[in-house]
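Here are the chains, one letter per residue:
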Amino acid sequence: MVYYNGADYGTHWNDYKKNILPNIQYPPSFPLLDSITELSESFTNDSVKAVFTKHRNDISVYHVFINILQVDCFFYTLINNEL
């Protein structure tokens, strides 16, 4: 889970997906396979982004990127059923 606190959230999310995520050094027993699935496209709030990755040995990892500058509004909306 990554907590982001800055301006230009969308650019840094794209940088995370394209440059950081593929270069994470996973343990040799579960290297990253070619599958990176974007999950955030179906989200109704832009303050939380996520991707799903597949690894050897049938291991799945969820990478969650949260914009803490906006997340308070997201949870207020969620709690008050305003989504």
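Residues numbered from 1 in each chain as written. Predicted model: local features only at pLDDT ≥ 70, side-chain atom pairs only at ≥ 80, totals over all residues. Heavy atoms only, no water.

Visitor: What exactly am I supposed to notice about the overall build of the chain here?
Guide: The secondary structure content of the chain amounts to two helices and four strands. Listed by position from the N terminus, the elements making up the chain come as β-α-β-β-β-α. Across the 83 residues that make up the chain, the buried fraction comes to 28%. Look at the contacts in the chain between residues 6 or more apart in sequence, and 46% of them connect residues 24 or more apart. For the chain, the exposed surface amounts to about 5700 Å²; the carbon and sulfur share of it is 54%. (Helix = DSSP H or I, 4+ residues; strand = E, 2+ residues; numbered from the N terminus. Buried < 20%, exposed > 50% of the residue type's maximum accessible area, 1.4 Å probe, protein only. Contact = heavy atoms within 4.5 Å. Areas by Shrake-Rupley, 256 points an atom, 1.4 Å probe, with all protein chains shown as cover.)

Visitor: Looking at this structure, how should I read a nonpolar patch on the surface?
Guide: Together, Met1, Tyr3, Ile68 and Leu69 make up a nonpolar patch on the protein surface, roughly 460 Å² of accessible area in all. Within the element layout of this structure, isoleucine 68 appears in the loop between strand 4 (59–67) and helix 2 (71–79). The exposure class of isoleucine 68 is partly exposed, given its relative accessible area of 35%. (Patch = residues over 30% accessible without salt bridge, like charges linked within 9 Å, V, L, I, M, F, W, Y side chains within 5 Å. Salt bridge = Lys/Arg side-chain N within 4 Å of Asp/Glu carboxyl O.)

Visitor: For this particular structure, what's the right way to read the pattern of salt bridges?
Guide: Side chains bearing opposite charge may pair, as long as their charged atoms lie close to each other. For the structure on display, the rule yields three salt bridges. Residue glutamate 38 pairs with lysine 17 through a salt bridge whose shortest N-O separation is 2.8 Å. Taken as a pair, glutamate 38 in strand 2 (residues 32–38) and lysine 17 in helix 1 (residues 9–20) lie far apart in primary sequence, 21 residues in all. On the basis of relative accessible area, glutamate 38 is assigned to the partly exposed category, the value being 23%. For aspartate 46, the salt bridge identified is with lysine 49, shortest N-O distance 2.6 Å. Owing to a relative accessible area of 46%, aspartate 46 belongs among the partly exposed residues under this scheme.

Visitor: I'm lost on helix 1 in this one. Help?
Guide: Because an α-helix completes one turn every 3.6 residues, residues spaced three or four positions apart along the sequence face the same direction. Residues Tyr9, Trp13 and Tyr16 constitute the buried set of helix 1. For helix 1, the angular spread of the buried residues around the axis is 55 degrees, confining them to a single face. Turning to helix 1, the residues buried within the fold contact strand 1 (2–4), strand 2, strand 3 (48–55) and strand 4. (Arc of directions from axis to C-beta.)

Visitor: I tried to follow the side chain of histidine 55 on my own but got confused; where do I start?
Guide: In this structure, histidine 55 sits in strand 3. Looking at histidine 55, the relative accessible area reads 1%, which means it is buried. Within the structure, the side chain of histidine 55 is placed 3.1 Å from the backbone oxygen of phenylalanine 30, a separation counted as a polar contact. (Polar contact = N/O pair within 3.5 Å; in protein donor to acceptor, adjacent residues only side chain to side chain.)

Visitor: So what exactly am I meant to see when it comes to the sheet that holds strand 3 here?
Guide: The pairing of strands in a sheet comes from backbone hydrogen bonds and takes either a parallel or an antiparallel form. Pairing is mixed in the open sheet, where four strands are placed in the order 1-4-3-2. One side of each edge strand has no neighbouring strand; the edge strands of this open sheet are strand 1 and strand 2. Averaged over all neighbouring strand pairs, the angle between strand axes comes to 20 degrees, with direction disregarded. Relative to strand 3, strand 2 runs antiparallel, the two being bridged by four bridges. (Pairing = 2+ DSSP bridges. Axes fitted to C-alpha atoms, helices over the stretch in contact; angles between N-to-C directions.)

Nothing here speaks to function; it is all geometry.
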